[in-house]
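Coordinates in review
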Amino acid sequence: MATPIGDERLPISRKSHQFTESVIREMTRLAMEYGAVNLAQGFPDFPAPTEVKEAAVAAIRGDINQYAITWGARDFRSAIADQFAETTGVAVDPEQQVTVCCGATEAMISSLLAVVNPGEEVVIFEPFYENYGPDAIICGAAPRFVRLKPPDWTFDPAELAAAFSERTRALILNSPHNPTGKVFSREELEAIAEIVRGTNAYVVTDEIYQYLVYDGCRHISMAALPSMAERTITINGLSKTYSVTGWRVGYVVAPPQTSRAIRKMHDFLTVGAAAPLQQAGVTALGLPRGYYRKLAADYLTRRDRMLAVLEGAGFGCYKPHGAYYIMTDISSFGFASDIEFAEYLIKSIGVAVVPGSSFYSDPALGCQQVRFAFCKTQATLDEAAKRLSKVKK
Ligand SMILES: Cc1ncc(COP(=O)(O)O)c(C=O)c1O
């Protein structure tokens, strides 16, 4: 191996010391090293819809290979606005309110940079998708955490209200929720809206799992609640709904003035998302309703299979009603920590998971939890089941 060039004494930024590398993506690297079945990172191991792939190929062959409009190709933004209106009942102007980004990941950081100043605060429910903490820090803001309490991952509205201060500029909401699979109910969303309406804060809502809901649950967008569209920034993307996490295409819907600020951040961070893949996005968003019904039905089958496997192996499961993860309680296995248990699973059992502590501000809260992703083929889940049957109780 070549010797890396660099001087260890040269400084790196203070912000980069304030968070670690992604634990989830580190687990994927370890899974590859140990030949483990990867139930850690949330990417499907089955093909994307043929029509969507063909549309991407056709776009490249048709020479849609140069920069798209910075805030997104016009017909893709129109398709996003149409889908948003259909699912929320809220009409939005694609010319002023839709911005296409490099994944929901970039949509989130561009949105936060657009509305949050250094020294301000961002309220985050925990456990949380691990990007949100670093996102707040990158903005120079302080995260304020509010607990979702198992087994139903409910929150105390008084605790949420107490997390707000004069400095709060945003609340990050994620429903359906990673890592718990919680789908926020209308009553819960109303309670959140009631608190936020009296503040100067936005709700930044990550709805990337919008179509993955089970057990008769309904996904409700915060923007659909009375008077909330004017202070809601809705983030979504192609990754999960169309099984194309590697394409890095996401989008954000926000009021016009907010969108102008988001577009500036987006432009100078990335210029734009891949042009041919935005064209394929038009095809994706145009898929018939049956596509979404089948997607959710197939995921429900996977969820039920995985719940049975995990319960059979001795895990305590928090049944998810949305998204494609199962958060589990590992206390019956007698390990000192989630990290030790995850290492044992990767090295001795051959299954990679995400240690629960990576979803909490205080690692102690997640030290007896691990998260399984079930966005995998039956063959992968079968192999995982075989291996997990060897876990020592
Ligand atoms: C809640 C949540 N938001 C965003 C993302 C990333 O989305 P994208 O691939 O569009 O950047 C993930 C991926 O796991 C996620 O779980």
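These numbers were taken from a predicted model, which means no experiment stands behind them. (Residues numbered from 1 in each chain as written. Predicted model: local features only at pLDDT ≥ 70, side-chain atom pairs only at ≥ 80, totals over all residues. Heavy atoms only, no water.)

Turning our attention to the sheet that holds strand β13 (residues 369–373). Pairing within the open sheet is antiparallel, and its 4 strands lie in the order β9-β10-β13-β12. Of all strands in the sheet, those with a lone pairing partner are β9 (316–318) and β12 (354–355), marking the two edges. Bridge analysis of β12 against β13 gives 2 bridges, and the strand direction is antiparallel. Directly across from V354, in β13, lies its bridge partner R371. Strand contacts of helix α14 (residues 338–349): β12 and β13, with the helix running at about 40° to β13, the strand carrying the most contacts. (Pairing = 2+ DSSP bridges. Helix = DSSP H or I, 4+ residues; strand = E, 2+ residues; numbered from the N terminus. Contact = heavy atoms within 4.5 Å. Axes fitted to C-alpha atoms, helices over the stretch in contact; angles between N-to-C directions.)

Another point: the sheet that holds strand β2 (residues 98–101). Within the open sheet, the 7 strands sit side by side as β2-β8-β7-β6-β5-β3-β4. Their pairing is mixed. Across the chains shown, the open sheet's two edge strands, defined by having one partner strand only, are β2 and β4 (142–147). Here the average twist between neighbouring strands, direction ignored, is 20°. As paired strands, strand β5 (residues 168–174) and strand β6 (residues 202–206) are joined by 5 bridges and run parallel to one another. Its bridge partner being in β6, I172 is matched across the sheet by V204. Contacting β2, β5, β6, β7 (232–237) and β8 (250–253), helix α6 (residues 103–115) runs over the sheet at an angle of about 160° to β7.

On to the packing of helix α4 (residues 74–88) against helix α12 (residues 275–285). Their axes nearest at 8 Å, the elements α4 and α12 cross at an angle of 30°. As the angle between them shows, α4 and α12 are arranged roughly parallel. Crossing geometry of α4 relative to α12 is assigned as left-handed. Residues D75, F76, A79, I80 and Q83 of α4 form the contact with α12, whose own contacting residues are Q278, Q279, G281, V282 and L285. (Parallel < 35°, antiparallel > 145°, perpendicular 65-115°, else oblique. Left-handed = near helix turned anticlockwise from the far one by under 90°.)

Our focus in this paragraph is the side chain of T180. Mapped onto the elements, T180 comes out in the loop between β5 and α9 (186–197). Since its relative accessible area comes to 1%, T180 is described here as buried. Only 2.7 Å separates the side chain of T180 from the side chain of H177, close enough to count as a polar contact. Polar side-chain contacts of T180 include one of 3.1 Å to the backbone nitrogen of K182. (Buried < 20%, exposed > 50% of the residue type's maximum accessible area, 1.4 Å probe, protein only. Polar contact = N/O pair within 3.5 Å; in protein donor to acceptor, adjacent residues only side chain to side chain.)

The next subject is the site of the ligand. Surveying the vicinity of the ligand reveals 14 residues, the closest of which are A104, T105, D206, Y209 and R248. In this structure, an oxygen atom belonging to the ligand sits 2.7 Å away from a side-chain N or O atom of N178. Surface burial for the ligand is 93%, taken as the share of its 410 Å² of free accessible area covered by protein chains. When residues of the shell around the ligand are traced back to their parent elements, those giving at least two are α6 and α10 (238–241). Grouping the constituent residues of the shell around the ligand by class yields 6 nonpolar, 5 polar and 3 charged. (Near = heavy atom within 4 Å. Areas by Shrake-Rupley, 256 points an atom, 1.4 Å probe, with all protein chains shown as cover. Nonpolar A, V, L, I, M, F, W, Y, C, P; charged D, E, K, R; others polar.)

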